[in-house]
Amino acid sequence: MLRKTCFRLLCLLMPAMTLAQQTTEYPNDYLSPEFHAGRRAAFREMMPNNTVGVFFASQVRVRNNDVDYQYAQSKNFYYFTGLEEPNSLLLLFKQPVTILGATGTEFIFVQNRNPQQEMWTGKILGVEGVKNKYKIENVFTNDKFTASTFDFNTVDSILSLYKGEDILSKYNTGNQLSRMAGIIDNVINSGKKLADPRYSTSRIMSALRGIKQPEEIKLLEKAAAMSCEGHNDVIRAVKPGMTEYQAQAIMEYNFKKNGSEYPGYPSINGSSENACVLHYVTNLRLMKDGDLLLSDCAAEYHGYTADVTRTIPVNGKFTPEQKLIYELVLEAQDSGFAACKPGNPFGAVDAAARRVINRGLIKLGIAANDQEARQYFPHGTSHHLGLDVHDIGPRTLQEGVFLTVEPGIYIPPGSKCDKKWWSIGVRIEDDILITKDGHRNLSASSPRTVAEIEKMAKQKSIFDK
Ligand SMILES: [Mn+2]
């Protein structure tokens, strides 16, 4: 007990991460070339003998007519290279091979410089640029990768996840990426097997990406800190008469202000019954006195995303019913946190949180048994978090695993319980890094308790300054 109190005190004394204003012309806190080289080496270490890893950049995706979506690089490709350009291919060999006169284990095929295109969409790095910036040894332009560039029959299998990456799509034929993917697809269709049809590549990626390295943790700390700034500003600013999209604007302003490239996933800002829709992204409703607002929003920073949810009273004060449900979810989250330690199975966090929620819903007369309780808490408590918001990782908690703890209770109108509970939807979500002897909450700089939230709600918002 004493130890627990001491730990809590320590947490309170630890300063929240403050985000430094950028002072260099461009951001200079990207993952280093050495980080990516280290990840490629770790992949090669886990590859079976005489195999090749094949990783493609993401497809450019059309939004409508001649407008593309903002480019988002393939996370596996980014993990191994840092390169944010499309139309690129990375080959990682277990044993050295010779391709186009160069001998080694790493080959990357990238876009050629193109003054005409660069006038419209900005600088293309080209061979020299990629060599200098990313320090990858064997760099070629993508037109050099043809069906005869390398005889894939000389390796036993190809490790790749390209089949799930939407790069062979008929809507995208005619570009270098689809052309290169087509070559690999032909090799595989003519008998060269994918290693354990996709399975072992996923397993290697999961083992690697599931354990966060110190450089990745720094970016995740920043993503979590700017996410918390957004949530805190929403807690201060929200009031009856404001719309859900205005709450979203306050949130995302804070992300962008701090250099986030995108929200890590579409921002969820659901008030009243909309809080009961798990992935509500419409965000159009006018909020009223007495509503709860559930905001599940987080920033992505240099490829790494946080995932934070806070649920707050729109008028600054929880009703007695809202408070009962809120504090039940909070207790469940605390129980989930307690299960976050090395050696525990991933599912121990959900088991701990669900036990509290089931017991509480039965006690309040909302559910008759565990099975009925499940309909009010229909999702899992945790998922891995990192390059993807729903990331990949090991099933046993260990140092470097990064996961969410996010229990919730959702009681939509019409539920089979007393009407006084209807339209209450509560989720509380934090981002937990497993440490050597326990865990650290990277999103602790946004308040979770009823008292702390009601106190923050009284503070001046960005609109009062
Ligand atoms: Mn989540």
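Residues numbered from 1 in each chain as written. Predicted model: local features only at pLDDT ≥ 70, side-chain atom pairs only at ≥ 80, totals over all residues. Heavy atoms only, no water.

Some remarks on the sheet that holds strand E18 (residues 439-441)
Overall, antiparallel pairing links the 3 strands, which are arranged E14-E17-E18 in an open sheet. Where the open sheet ends on each side, the last strands, each with one partner, are strand E14 (402-405) and E18. Recorded for the sheet is a direction-independent mean angle of 35 degrees between the axes of neighbouring strands. (Pairing = 2+ DSSP bridges. Helix = DSSP H or I, 4+ residues; strand = E, 2+ residues; numbered from the N terminus. Axes fitted to C-alpha atoms, helices over the stretch in contact; angles between N-to-C directions.)

Some details on the coordination of the manganese ion
For the manganese ion, the full set of protein donor atoms is Asp 307 (OD), His 383 (NE2), Glu 406 (OE) and Glu 429 (OE), at a range of 2.0 to 2.3 Å. Mapped onto the sequence, the residues coordinating the manganese ion show the spacing D-x75-H-x22-E-x22-E. Of the two residues, Glu 406 sits in the loop between E14 and strand E15 (408-411) while Glu 429 sits in the loop between strand E16 (424-427) and strand E17 (430-434), which places them 23 residues apart along the sequence. Neither residue differs from the other here; Glu 406 and Glu 429 are each classed as buried. (Donors = N, O, S within 2.8 Å, 3.2 Å for Na, K, Ca; no water. Buried < 20%, exposed > 50% of the residue type's maximum accessible area, 1.4 Å probe, protein only.)

Examining the pairing of strand E9 (residues 268-271)
Of the two faces of E9, the one holding Ile 268 and Gly 270 and the one holding Asn 269 and Ser 271 are both buried throughout. Taken together, the 4 bridges between E9 and strand E10 (residues 292-297) define a ladder with antiparallel strand orientation. Note on E10: the bridge partner recorded for Asn 269 is Ser 295.

What to know about the sheet that holds strand E11 (residues 299-301)
Strand order in the open sheet formed by 3 strands is E8-E11-E12, with antiparallel pairing between adjacent strands. In this open sheet, the two edge strands, each paired with only one partner strand, are strand E8 (262-263) and strand E12 (304-305). Most of the contacts of helix H8 (residues 214-237) go to E11, to which it runs at about 150 degrees, and overall it touches E11 and E12. (Contact = heavy atoms within 4.5 Å.)

What to know about the packing of aromatic side chains
We describe a pair of aromatic rings using the distance from one ring centre to the other and the angle between the two ring planes. According to the stated counting rule, one finds 13 aromatic pairs in the structure shown. Ring centres of Phe 93 and Phe 107 lie 5.9 Å apart, and the angle between their planes is 90 degrees; this geometry places the pair in the edge-to-face category. With Phe 93 in strand E4 (residues 89-99) and Phe 107 in strand E5 (residues 102-110), the pair connects residues that are 14 residues apart, well separated along the chain. Each member of the pair Phe 93 and Phe 107 is classed as buried. Between Phe 150 and Phe 152, the aromatic rings sit 5.1 Å apart at their centres with planes inclined by 85 degrees, giving edge-to-face as the arrangement. In this structure, Phe 150 and Phe 152 share a single accessibility class: buried. Ring pairing ties together the aromatic residues Phe 93, Phe 107, Phe 109, Phe 140, Phe 145, Phe 150 and Phe 152, which thus form one cluster. Here the basic side chain of Arg 354 rests over the ring of Phe 377, its NZ or CZ set 4.0 Å away from the ring centre. (Phe/Tyr/Trp six-rings, centres within 6.5 Å; stacked < 30°, edge-to-face > 60°. Lys NZ or Arg CZ within 6 Å of the ring centre and 35° of its normal.)

Some words on the packing of helix H10 (residues 320-338) against helix H11 (residues 347-363)
Contact geometry for H10 and H11: axes closest at 7 Å, N-to-C directions at 155 degrees. Between H10 and H11, the interaxial angle falls into the category roughly antiparallel. In this structure, H10 meets H11 at a crossing whose hand is right-handed. Residues Leu 328, Glu 331, Ala 332, Ser 335 and Gly 336 of H10 form the contact with H11, whose participating residues are Val 349, Ala 352, Ala 353, Val 356, Ile 357, Arg 359, Gly 360 and Leu 361. Class assignment for the residues of the contact of H10 with H11 results in 8 nonpolar, 3 polar and 2 charged. (Parallel < 35°, antiparallel > 145°, perpendicular 65-115°, else oblique. Left-handed = near helix turned anticlockwise from the far one by under 90°. Nonpolar A, V, L, I, M, F, W, Y, C, P; charged D, E, K, R; others polar.)

Description of the domain arrangement of the protein
The domain boundaries assigned to the protein delineate domain 1 (33-207) and domain 2 (211-457). Taking only C-alpha atoms, the centre of domain 1 and the centre of domain 2 are 36 Å apart. Of the residues lining the interface, 11 residues belong to domain 1; the matching set on domain 2 comes to 15 residues. The three residues of domain 1 that bury the most area against domain 2 are Phe 35, Lys 75 and Ser 206, which together make up 48% of that side's buried surface. The interface formed by domain 1 and domain 2 contains 1 salt bridge. A salt bridge links Lys 75 to Glu 300; the nearest nitrogen and oxygen atoms lie 3.0 Å apart. For the pair domain 1 and domain 2, the number of links is 7 residue pairs in polar contact (both at pLDDT 80 or more). Mapped onto the side of domain 1 that touches domain 2, the elements with two or more residues apiece are helix H2 (33-46), helix H3 (75-81) and helix H7 (199-209). (Domains from an automatic or database assignment. Buried area = accessible area lost by both parts, 1.4 Å probe. Salt bridge = Lys/Arg side-chain N within 4 Å of Asp/Glu carboxyl O. Polar contact = N/O pair within 3.5 Å; in protein donor to acceptor, adjacent residues only side chain to side chain.)

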